[in-house]
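Coordinate analysis (summary)
For reference, the chains in residue letters:
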Amino acid sequence: MINAQPNKYLENTVQTASPAQLLIMLCDGAIRFSKKSLEDIKNDDFISANTNIGKVQDIVNEFIITLDRSSPVAENLLRLYEYFSYLLIQANIKKDPVPIHEVVGYLVELKETWIQAAKITNSQRTGITNV
């Protein structure tokens, strides 16, 4: 019964999150699973590395599926996400940490971009501007 509380909290958090908040949460998850896979490769735990890389791939696929194709940046984001997929496949096949490090770097930058976009959107909605 104790384990049900965090799941309920997470479920509520996801259900009430804005689209930008969801993107940030997904980036956090992808970064976390990427770092776990790096640790797994370092420890020669290739089964766990495969599992964690697969979780990152699932998140990247979610980015692709939910991408608003009418957005002016959609084509560039799609290419970036497809590149992530390629790097993750290479990392998983070769159990090479280098492509995962590259993906993590991009995910951190992407997360920061979504955070800034969310701030701008929120300030525009509330009429507050930073001068």
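Reading the values: rules and limits
Residues numbered from 1 in each chain as written. Predicted model: local features only at pLDDT ≥ 70, side-chain atom pairs only at ≥ 80, totals over all residues. Heavy atoms only, no water. 1 Å grid on protein atoms, 1.4 Å probe; cavity = no way out; pocket = protein on both sides within 12 Å on 5 of 7 lines; lining within 4 Å. Points joined across faces, edges and corners; volume = space filled by probe spheres on them. Helix = DSSP H or I, 4+ residues; strand = E, 2+ residues; numbered from the N terminus. Phe/Tyr/Trp six-rings, centres within 6.5 Å; stacked < 30°, edge-to-face > 60°. Lys NZ or Arg CZ within 6 Å of the ring centre and 35° of its normal.

A few points about the layout of surface pockets
The volume enclosed by the largest pocket comes to roughly 390 Å³. In terms of lining, the largest pocket is formed by 19 residues, of which the most central are Ser18, Pro19, Ala20, Gln21 and Leu23. Mapped onto the lining of the largest pocket, the elements with two or more residues apiece are α2 (19-42), α3 (46-66), α4 (74-94) and α5 (97-126).

Digging into the packing of aromatic side chains
The way to describe two aromatic rings as a pair is by their centre distance and the angle between their planes. Applying the stated criterion to the full structure yields four aromatic pairs. Ring geometry for Tyr83 against Tyr106: centres 6.3 Å apart, planes inclined by 75°, an arrangement best described as edge-to-face. Here Tyr83 is found in helix α4, whereas its partner Tyr106 is found in helix α5, with 23 residues between them in sequence. Ring pairing ties together the aromatic residues Phe63, Tyr81, Tyr83, Phe84 and Tyr106, which thus form one cluster. The ring of Phe33 has Arg32 lying over it, and the distance from NZ or CZ to the ring centre is 5.0 Å.

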